[in-house]
Amino acid sequence: MATLIYIARRLLLLIPQLLVISVVTFVLVRMLPGDPARLELGPLAPQAGVDLLRARLRLDRPLPEQYIAYVERIWRGDFGRSWVNSSQVSQDLLVRLPATLELITAGMLIVFLVMVPIALASANPSGGLLARAMRRASFGYGLLAGALPDFWLGLVLIFIFFSLLGWAPGPEGRVGILDIAPDRVTGFYTVDALIAGDWPTFKAALAHLVLPAITLAFVYGGPIFKMVQSSMEAAMRAGYTTYATGLGLPRRTVLLWATRNAAPPAIVMTGVVAGFLLGGAVLIETVFNLNGLGQYAVQSITTADYAPVQAFVLVAAVFTMLVYLIVDLIYFMIDPRVAARAKRGR
Amino acid sequence: MNRAIAPQTRINSGESAPRKTRARLVWNGLSTFQRIILAGFMVTVFLAAFGPMLAPFPTTLADPMQRLSPPGAKHLFGTDENGIDVLSRLLAAPRTDVTIALVATALSVAVGAALGVFAGYFEGGTRRWLHWASEIGLRFLDILQAFPVFILAMVLVAIRGTGPMNVLFAVAFVNFPVFLRLVRSEVLSLRERPFAEAALAIGNSDLGVCFRHLLPNAWPVVIVQVSVTVGFAILLTAGLSFVGAGVSPPTPELGSMIASGAKFMILGQWWVVMFPGLMLGLIVFTFAMMGEILGRFLEPGHSSTAQSRARSPVTARNRPKAMEPKAGSPNEVLSVSGLVVKPAFGGGRPVLDRVDLHVEQGEILGIVGPPGAGKSVLVRSIMVLLGDKLHHAEGRIAFRGEDLTGLDERALRRILGRDLVPLLANAKEQLNPLVRIGELMVAHIRAHSPCSRRVARQRAADMLGSIGITDAERRLRAYPHELSGGMAQRVCIAISLIHRPALIVADEPTAGLDVTVQRQVLDLMIGLCEETGAAQILATRDLGIVAQYCRRVAVLHEGRIVETGLVEKVLVAPSHPATRALVEAARLQSVPTTLAEATP
């Protein structure tokens, strides 16, 4: 019951948040110099078309009415047209968004399958040689992770693994130039290829995903890594760990229970990083030419193509809000103390 | 730029005598690694200031004859697609990035800290409209931070056009919320402190309190964040320039240098990209590390000598070999001899010094001593649970004739929790907040006597019932935070007795409980010990408890046992000044009634 109330309250909070996001996006685009209709249609469009759009966007009416027109339009899923590609922005989003999500998912998988175990192992104070080696490695990694620019790291990886060694494909996109993208079901090329049973395409998609995902994991996994490490260290030093050891519980149980305590802060950090990445993976997408959402936004800004920018900013902000919502709900479920506080009405 | 490095240069040049010694102290406190960082930071600052003048070749003049020549004697780092010397551009470029990042960060701090002070000061205050203003501002900030930083910066630059100034404003704008939040949360906690209330009470204005009293106290945290943000701002500036939305060529700038070399990287001409990236990494890295060093230096109570010591860990591996078990009295459960415990790092005074103890079957031995005498350490060292800050230097801990310090982890685990169990202070802190009571008890039961989960659960419920806990099933389902302190301690007692141990080692088992509950808990525990024949070590600072429940007592003072004997002897006629002081202190707290009870 408490859970349901909490979720309901948290969902209710989403409504004003989304409203403010739409206001901010609206204002942001109105701040751009020039006529919004002209901006959306581009410099080459005939004046008649611009006038038509002006009327549809009610740009001749007072601002509040313009805002309502804007919200109505988004509600219908109409984000306008890109004048550069002359395509529906909503259609573009459907292609671009999965590309970015696939990259983020792959990167996060690496973080959780490779980096988090290392962080956990290095936080174990009474470990043997392995733990000490891990500690060394993680110290070095902690120093590097925040300092190296992602776009540079991507280029260096391409240089090493493509130009020098020839192990990975070059930055040609999500699949090779000669490969055909699989039929769209989820928009994730790897998943779609598997669904279609198309083994070669799956391998190509995976191969094209490896280097960008490693870059992403290395650069943006840093904060998660450090958070896991420090909260695990704290849990290992905590009184309850000493007590559990003193009761002679199996080592595995003691570690597992400590991990349980280290999880919540790490999950919050993961949420923050994931929320950041939809727009934050821009440079990695650009370097590897993945045609993701961020790259789409960057291209659009450089060509003064504002309908996609507006759509992107909105989508990214909503995505971040949703990620935060999910994080809150997970936190609520794994930490009984939060539920207790919620019951008492904070 | 000079402003930003001011604190560090002042420390190093040292205008006055006390400063100089402090500077020396700090310098000595730094590890070699930190000294290297400091040097790297100086180099970065120097490059940012004078880099363009060091360039051996012109930095913006194209030379088509020299396009993309690899590193060699003439061009140490090679040349780029325009035939410009990479090294020269590399020396000139940091000025652009570092200047933009520093000024932008300064701007974010100025705006963010000012707004943050107000938000923190007026939040939840009595003036409704100010409270609501800060509340609304913060919610708005939430939303603002949901927008992707990089794209937001790009759009801002697009609104105003590319160019260093606009990049600067964009970088400053996306970073100011960080400082606002940071200063707000600092001020929120600072304004509760007496000095803030005093400042207001003696007639300071709100503004005066904010900026003269609260803000200066928030600086240390802000400065650490500044170093992180400067690094982030440098990467952001470079990233913006990389996609062409920042500083545009020909101005030497690291991000655009990487962008111009990107397509050649794939062809194997690596030098155009490699060096600017390394330079970026190095700059961001030194800034971040400087922040860490400065933060440590600014931390109140910072002791540089302790820092330097902590660098040379003494491994806890050089334990003396376990001595041959010597036959003690057959009734002896525990015998500690010559126990010395020292801090694990850097030697120093031992925490426990040549402690000798022995406990016989079914006996209750009290250990008393003032706070800080080493009672908890003694309890923990008996169970070989010292953690990584202390280490067992020498001595024997023989439990039923077996030296615990010589056992490996596996053998120790079989004894701990079954024959030798801990009962520690503040039970609620000993219970993992995310583990249900039942889960802990079942795991503990099954760790020492293999049985099914269901049987173990039944045993746990029976045990809780037998110590008078009603609706045991509900307690087993509870998380620790759902129990009261007394109930949690009762659960811990149940846990310690379930395997009928030979010895319970209790450390202030009733601390934090109110007096009536203390009595109930102690009566319960002692009664059960008598029933099961468990011996007990009871460390406490409460002489009343010792007088009432213990047979013998050992007085611990500054890590040594100064006196030991029967309770009625030691407490009535103390021979050591430390014991006398303890007894005197207890008398003043009107405990003598219990003392009198215990001494007929």
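In this numbering scheme, every chain counts its residues from 1 along its sequence in written order. Each chain is given a letter, starting from A, and each ligand a number, starting from 1, according to the order in which they appear as written. In keeping with the predicted nature of the model, local features appear solely for residues at pLDDT of at least 70, side-chain atom pairs appear and are counted solely at 80 or more, and the whole-chain, interface and lining totals rest on all residues. Side-chain measures were taken over the full set of non-hydrogen atoms in the model, leaving aside hydrogen atoms and water.

Attention now goes to the overall build of chain A. Helix and strand assignments come from DSSP, with helices taken as H or I runs of at least 4 residues and strands as E runs of at least 2, each series counted from the N terminus. The helix and strand inventory of chain A stands at 15 helices and two strands. Dimensions of chain A along its principal axes, counting C-alpha atoms only, are 80 × 60 × 40 Å. Here the term buried applies to any residue with accessible area under 20% of the maximum for its type, exposed to any over 50%, and partly exposed to those in between, with areas from a 1.4 Å probe on protein chains only. Split into buried and exposed, the 346 residues of chain A put 52% on the buried side. Taking the contacts inside chain A whose residues are at least 6 apart along the sequence as the reference set, 69% of them involve residues at least 24 apart. A positive count includes Lys and Arg, and a negative count includes Asp and Glu. His and the chain ends are not counted in either. By convention, the charge on Lys lies at NZ, on Arg at CZ, on Asp at CG and on Glu at CD. Within chain A, one finds 28 positive and 20 negative side-chain charges whose respective centroids are separated by 15 Å. Residue contacts are defined here by distance: any two heavy atoms, one from each residue, within 4.5 Å place the two residues in contact.

Bring the parts together and some accessible area is lost; that lost area is often taken as the interface size. Listed by partner, the interface residues are 67 residues for chain A and 65 residues for chain B. In total, chain A and chain B occlude about 5700 Å² of area from one another, counting both sides; carbon and sulfur atoms represent 79% of this. What counts as a salt bridge is simple: a side-chain nitrogen of Lys or Arg found within 4 Å of a carboxyl oxygen of Asp or Glu. The interface formed by chain A and chain B holds two salt bridges in total. Classifying every residue of the side of chain A that touches chain B gives 46 nonpolar, 15 polar and six charged. Accessible area that two parts lose when put together, with a 1.4 Å probe and added across both, is what the buried area reports. Nonpolar residues are Ala, Val, Leu, Ile, Met, Phe, Trp, Tyr, Cys and Pro. Charged residues are Asp, Glu, Lys and Arg, and all others, Gly as well, are polar.

Right, let's get into helix α10 (residues 254-266) of chain B. Residue and element names in this part refer to chain B. Working rule for helices: expected span equals 1.5 Å times residues minus one. When the terminal C-alpha atoms of α10 are compared, their 19 Å separation across 13 residues agrees well with the 18 Å that a helix rising 1.5 Å per residue should span. Bend, in this description, refers to the angle at a residue between axes fitted to the seven residues ending there and the seven starting there. Of all the bends found along α10, the most pronounced is centred on Ser 260 and spans about 35 degrees. Most of α10 is tucked away: 10 of the 13 residues are buried. Those residues of α10 that fall on the buried side of the exposure criterion are Leu 254, Gly 255, Ser 256, Met 257, Ile 258, Ser 260, Gly 261, Ala 262, Phe 264 and Met 265. Distance and chemistry together define a polar contact, namely a pair of N or O atoms within 3.5 Å, with one atom able to donate a hydrogen and the other to accept it when in protein, and with adjacent residues in sequence counting only for side-chain atoms on both sides. With a side-chain oxygen positioned 2.7 Å from the backbone nitrogen of Gly 255, the residue opening α10 is Glu 253. After α10 finishes, the residue Gly 268 shows a positive phi value of roughly 100 degrees.

Attention shifts here to the pairing of strand β7 (residues 503-507) of chain B. Residues and elements named next belong to chain B. With five of five residues buried, β7 lies mostly within the body of the structure. Side chains of β7 alternate between two faces, with Leu 503, Val 505 and Asp 507 and Ile 504 and Ala 506 buried alike. Note: two strands are recorded as paired if DSSP finds a minimum of 2 bridges between them. Pairing between strand β6 (residues 420-423) and β7: four bridges, direction parallel. Paired with Pro 422 across the strands is Val 505, a residue of β7. As defined by bridge partners, β7 adjoins strand β8 (residues 535-539) across five bridges and the pair is classed as parallel. Within β8, the position partnered with Asp 507 by the bridge is Ala 539.

Sheet strands pair by backbone hydrogen bonding; their relative direction is either parallel or antiparallel. All names here are of chain B. Across the sheet, four strands lie side by side as β2-β1-β4-β5; this open sheet has antiparallel pairing. Of all the strands in the sheet, just β2 (352-360) and β5 (402-403) have a single pairing partner and so form its edges. Pairing geometry for strand β4 (residues 390-399) and β5, over two bridges, is antiparallel. Across the sheet, residue Phe 399 finds its bridge partner in β5, namely Glu 402.

Here we come to empty space enclosed by the protein. Residue and element names in this part refer to chain A. Of the grid points, spaced at 1 Å and generated over the protein atoms alone, those admitting a 1.4 Å probe that cannot get out make up cavities, while open sets with protein on both sides within 12 Å along at least five of seven lines make up pockets; any residue with an atom within 4 Å of a point is treated as lining. Grid points are joined across faces, edges and corners, and a volume is the space filled by probe spheres set on the points. In this structure the tally under the stated criterion is eight cavities of 30 Å³ or more. Around the largest cavity sit 17 residues that line it, and Glu 40, Tyr 70, Arg 73, Phe 79 and Gln 310 are the ones nearest its centre. Of all the elements in the fold, those that place two or more residues in the lining of the largest cavity are α1 (2-31), α2 (36-41), α4 (63-75) and α14 (306-334). In terms of residues, the lining of the largest cavity owes the most to one element, α14, which gives five residues. Of the residues in the lining of the largest cavity, the class split is 11 nonpolar, two polar and four charged.

Further remarks concern the sheet that holds strand β3 (residues 364-368) of chain B. Residue and element names in this part refer to chain B. Taken together, the six strands give an open sheet; going across it, the order is β6-β7-β8-β3-β9-β10, and neighbouring strands pair in mixed fashion. Only two strands of the sheet have a single partner each, and these edge strands are β6 and β10 (560-566). Averaged over neighbouring strand pairs, the angle between their axes works out to 15 degrees when direction is ignored. Between the N-to-C directions of two axes lies an angle of 0 to 180 degrees, each axis being a line fitted to C-alpha atoms and, for a helix, fitted only over the stretch in contact.

Residue and element names in this part refer to chain B. Phe 150, Ile 151, Ile 234 and Leu 240 are the most contacted members of the largest nonpolar core, which totals 142 residues. In this structure Ile 234 touches Asp 97, Val 98, Ala 101, Leu 280, Ile 283, Val 284 and Phe 287, once residues within four positions along its chain are discounted. To qualify as a nonpolar core, a set must consist of buried Ala, Val, Leu, Ile, Met, Phe, Trp, Tyr and Cys residues joined through side-chain atoms within 4.5 Å. If you look at the next biggest cluster of nonpolar residues, it comprises 102 residues, including Ala 478, Ala 506, Ile 526 and Leu 543.

Bringing the packing of helix α3 (residues 32-54) of chain B against helix α4 (residues 86-122) of chain B into the picture now. Residues and elements named next belong to chain B. Interaxial distance between α3 and α4 falls to 7 Å at its minimum, and their mutual angle equals 145 degrees. Seen along the crossing, α3 lies across α4 with a hand that is left-handed. Here Leu 47, Ala 48, Ala 49, Gly 51, Pro 52 and Leu 54 of α3 lie close against α4, whose contacting residues are Leu 91, Ala 92, Pro 94, Arg 95 and Val 98. Class assignment of the residues belonging to the contact of α3 with α4 gives a composition of nine nonpolar, one polar and one charged. When the near helix sits turned anticlockwise from the far one by under a right angle, the crossing is termed left-handed; a clockwise turn instead gives a right-handed crossing.

Let's shift gears to the pattern of salt bridges. What the rule picks out here adds up to 16 salt bridges over all chains. The salt bridge involving Arg560(B) is made with Asp353(B); its shortest N-O contact spans 2.9 Å. Taken together, the residues span a long stretch of sequence, with Arg560(B) in strand β10 and Asp353(B) in strand β2 at a distance of 207 residues. With relative accessibility at 43%, the residue Arg560(B) sits in the partly exposed group. Look at Asp353(B) and you get buried, because its relative accessible area is 12%. Overlapping salt bridges bring together Arg251(A), Glu409(B) and Arg413(B) as one network.

This paragraph deals with the environment of Leu14(A). Residue and element names in this part refer to chain A. On the secondary structure map, Leu 14 appears in helix α1. For Leu 14, a relative accessible area of 10% puts it in the buried group. With residues near it in sequence (within four places) discarded, Leu 14 still touches Met 321, Leu 322 and Leu 325.

Across the chain, each position has a pLDDT score giving the predictor's confidence in that residue, from 0 to 100. Scored by pLDDT, chain A has a mean of 82; 96% of the residues are at 70 or more. Element-level mean pLDDT values for chain A span from 68 in helix α15 (residues 336-343) of chain A up to 89 in helix α5 (residues 89-122) of chain A.

This brings us to the side chain of Asp192(A). Residue and element names in this part refer to chain A. Along the polypeptide, Asp 192 turns up in helix α8 (residues 189-196). For Asp 192, a relative accessible area of 1% gives the class buried. Within the structure, Asp 192 has its side chain in polar contact with the side chain of Thr 186 (distance 2.8 Å).

Residues and elements named next belong to chain B. A positive phi angle, near 50 degrees, is found at Asn 426, a position not held by glycine. Residue position: Asn 426 is located in the loop between β6 and α15 (427-430). Not every positive phi belongs to a glycine, and Arg 500 is a case in point at roughly 45 degrees. Here Arg 500 is to be found in the loop between α19 (485-497) and β7.

Viewed as axis vectors pointing N to C, helix α7 (residues 150-164) of chain A and α10(B) meet at an angle of 15 degrees, and their least axial separation amounts to 9 Å. Regarding the angle of α7(A) to α10(B), the classification is roughly parallel. For the crossing formed where α7(A) meets α10(B), the hand is left-handed. Of the residues in α10(B), those touching α7(A) at Phe151(A), Trp152(A), Leu155(A), Val156(A), Ile158(A), Phe159(A), Phe162(A) and Ser163(A) are Ile258(B), Ala262(B), Met265(B) and Ile266(B). The residue makeup of the contact of α7(A) with α10(B), split by class, is 11 nonpolar, one polar and no charged. Angles are sorted into four bins: roughly parallel if under 35 degrees, roughly antiparallel if over 145, roughly perpendicular if 65 to 115, and oblique for all others.

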